Amino acid sequence: METTSGAVAQAPAAEGGEASPSARRAVDGFLRAPFPWYGLDEAFTGPRRLMQVGTAADGAVEHGSIGHGDEPSVRNEHVAGDDQDAKEKFAVVVTVAANPVRRSADGTGMLEATSVSSAAWLAGVGLLSCTWPGQMDHSLRDDWLDQQTETAWVLADDLHGEDWSTLSLPVDGVPTRFHYRESEFGWVLAGSTEQGVHLGAYGRGMSAYGLAFAVVKDIGAYT
């Protein structure tokens with residue numbers, strides 16, 4: 001997927017309860033999407049925030065992320081399987097439009113198709129972006145990140161490989177099959193919905209096994 005992302009972290013409301021200009025700009029990218037956005041269902045009562053949208057070469061919105069729980073930051077204290085001791089507890093849901101191979105709006109080229117693998121890769125890269133291996137020198141992190149990003153793509157391209165297991169989680173109340181893997185940095189999962197989108201998710205400190213997903217009824221509420 002050749003997309004560009006724009007950070008649109010949720011901004012606080014302006015004085016008097018009205019949305020601030022930055023918050024309104026943040027939600028604009030999400031509102032331009034021709035597909036529904038997904039997040040955790042209403043059973044999750046913690047904080048939620050818009051994170052970023054990704055666009056194709058022609059400017060069309062192709063994917064975006066909504067965060068739940070703590071705001072992820074680059075850290076290295078987490079140990080695999082040690083969710084109870086994780087200082088950050090978060091889950092990020094990535095929605096990806098299910099698009100076929102198609103010609104760009106300006107007619108100059110072709111845009112890549114999206115798939116469950118696209119969602120898995122975006123989720124894997126998202127987890128990497130808030131990860132810093134222990135005992136690693138600052139100057140080496142960029143090289144490590146490049147290497148791990150390539151690895152994330154290889155893994156995403158082989159969802160039926162031994163690195164992945166499967167689990168069933170509710171999507172709009174319907175049991176849905178997801179591909180799932182864990183690492184020392186957290187977990188990643190990916191699947192498809194009946195609404196014409198693929199879902200990816202990643203997190204740390206929150207168990208993936210208890211999650212459920214649902215369409216965001218009013219994305220404008222994030223302003």
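Placed above this text is the structure.
Residues numbered from 1 in each chain as written. Predicted model: local features only at pLDDT ≥ 70, side-chain atom pairs only at ≥ 80, totals over all residues. Heavy atoms only, no water.

## Side note on the overall build of the chain
Reasoning step 1: Of the regular secondary structure elements, the chain holds three helices and twelve strands.
Reasoning step 2: Burial statistics for the chain: of 223 residues in total, 48% are counted as buried.
Reasoning step 3: For the chain, long-range pairs separated by at least 24 residues make up 61% of all intrachain contacts whose partners lie at least 6 apart in sequence.
Reasoning step 4: Just so you have it, the chain exposes about 11300 Å², and 49% of that area is on carbon and sulfur atoms. (Helix = DSSP H or I, 4+ residues; strand = E, 2+ residues; numbered from the N terminus. Buried < 20%, exposed > 50% of the residue type's maximum accessible area, 1.4 Å probe, protein only. Contact = heavy atoms within 4.5 Å. Areas by Shrake-Rupley, 256 points an atom, 1.4 Å probe, with all protein chains shown as cover.)

## Looking at the pattern of salt bridges
Reasoning step 1: Applying the stated rule across the entire model yields one salt bridge.
Reasoning step 2: In this structure, the salt-bridge partner of Arg204 is Glu88, at a minimum N-O distance of 3.4 Å. Taken as a pair, Arg204 in strand β11 (residues 197-204) and Glu88 in the loop between β4 (61-69) and β5 (90-97) lie far apart in primary sequence, 116 residues in all. As far as burial versus exposure is concerned, Arg204 and Glu88 are alike and both buried. (Salt bridge = Lys/Arg side-chain N within 4 Å of Asp/Glu carboxyl O.)

## Looking at the layout of surface pockets
Reasoning step 1: Roughly 230 Å³ of internal volume is contained in the second largest pocket.
Reasoning step 2: Lining the second largest pocket, in full, are Gly39, Leu40, Asp41, Glu42, Arg48, Ala214, Val215, Val216, Lys217 and Tyr222.
Reasoning step 3: Of all elements in the fold, only β2 (38-40) and β12 (213-215) reach the threshold of two or more residues within the lining of the second largest pocket. (1 Å grid on protein atoms, 1.4 Å probe; cavity = no way out; pocket = protein on both sides within 12 Å on 5 of 7 lines; lining within 4 Å. Points joined across faces, edges and corners; volume = space filled by probe spheres on them.)

## Concerning the packing of aromatic side chains
The geometry of an aromatic ring pair comes down to the distance between the two centres and the angle between the two planes.
Reasoning step 1: According to the stated counting rule, one finds five aromatic pairs in the structure shown.
Reasoning step 2: A ring pair is formed by Phe90 and Tyr202, whose centres lie 6.4 Å apart and whose planes are at 80°; its orientation type is edge-to-face. Note that Phe90 is positioned in strand β5 and Tyr202 in strand β11, a separation of 112 residues in sequence.
Reasoning step 3: With relative accessibility at 0%, the residue Phe90 sits in the buried group. (Phe/Tyr/Trp six-rings, centres within 6.5 Å; stacked < 30°, edge-to-face > 60°.)

## So, the nonpolar core
Soluble, globular proteins show a tendency: their nonpolar side chains are buried together.
Reasoning step 1: Counting 32 residues, the largest nonpolar core has Trp37, Leu189, Phe213 and Ile219 as its most contacted members.
Reasoning step 2: Residue contacts for Ile219: discarding those within four places in its chain leaves Val27, Phe30, Leu31, Trp37, Leu50 and Ile66. (Core = buried A, V, L, I, M, F, W, Y, C linked by side-chain atoms within 4.5 Å.)

## As for a negative patch on the surface
Reasoning step 1: Together, Asp157, Asp158, Glu162 and Asp163 make up a negatively charged patch on the protein surface.
Reasoning step 2: Locating Asp157 in the fold gives a position in the loop between α3 (141-156) and β8 (165-171). (Patch = residues over 30% accessible without salt bridge, like charges linked within 9 Å, V, L, I, M, F, W, Y side chains within 5 Å. Lys, Arg positive; Asp, Glu negative; His and termini not counted. Charge placed at Lys NZ, Arg CZ, Asp CG, Glu CD.)

## Focus: the side chain of Thr95
Reasoning step 1: Positionally, Thr95 belongs in strand β5.
Reasoning step 2: In terms of polar contacts, Thr95 uses its side chain to reach the backbone amide nitrogen of Tyr38, at 3.1 Å.
Reasoning step 3: If we ignore the near neighbours within four places in the chain, the residues touching Thr95 are Phe35, Pro36, Trp37, Tyr38, Glu62, His63, Gly64, Val197, His198 and Leu199. (Polar contact = N/O pair within 3.5 Å; in protein donor to acceptor, adjacent residues only side chain to side chain.)

## Overview of the environment of Gly205
Reasoning step 1: Along the polypeptide, Gly205 turns up in the loop between β11 and β12.
Reasoning step 2: For Gly205, a relative accessible area of 12% translates into the label buried.
Reasoning step 3: For the pair formed by Gly205 and Phe185, sequence separation is 20 residues and the distance between their alpha carbons is 10.0 Å.

## Points about the environment of Thr193
Reasoning step 1: Within the element layout of this structure, Thr193 appears in the loop between β10 (186-192) and β11.
Reasoning step 2: Put simply, Thr193 and Ala98 are 95 residues apart on the chain and 9.5 Å apart in space, counted from C-alpha to C-alpha.
Reasoning step 3: With near-sequence residues (within four places) excluded, Thr193 lies in contact with Tyr38, Val171 and Leu199.
Reasoning step 4: There is a polar contact of 3.0 Å between the side chain of Thr193 and the backbone nitrogen of Gln195.

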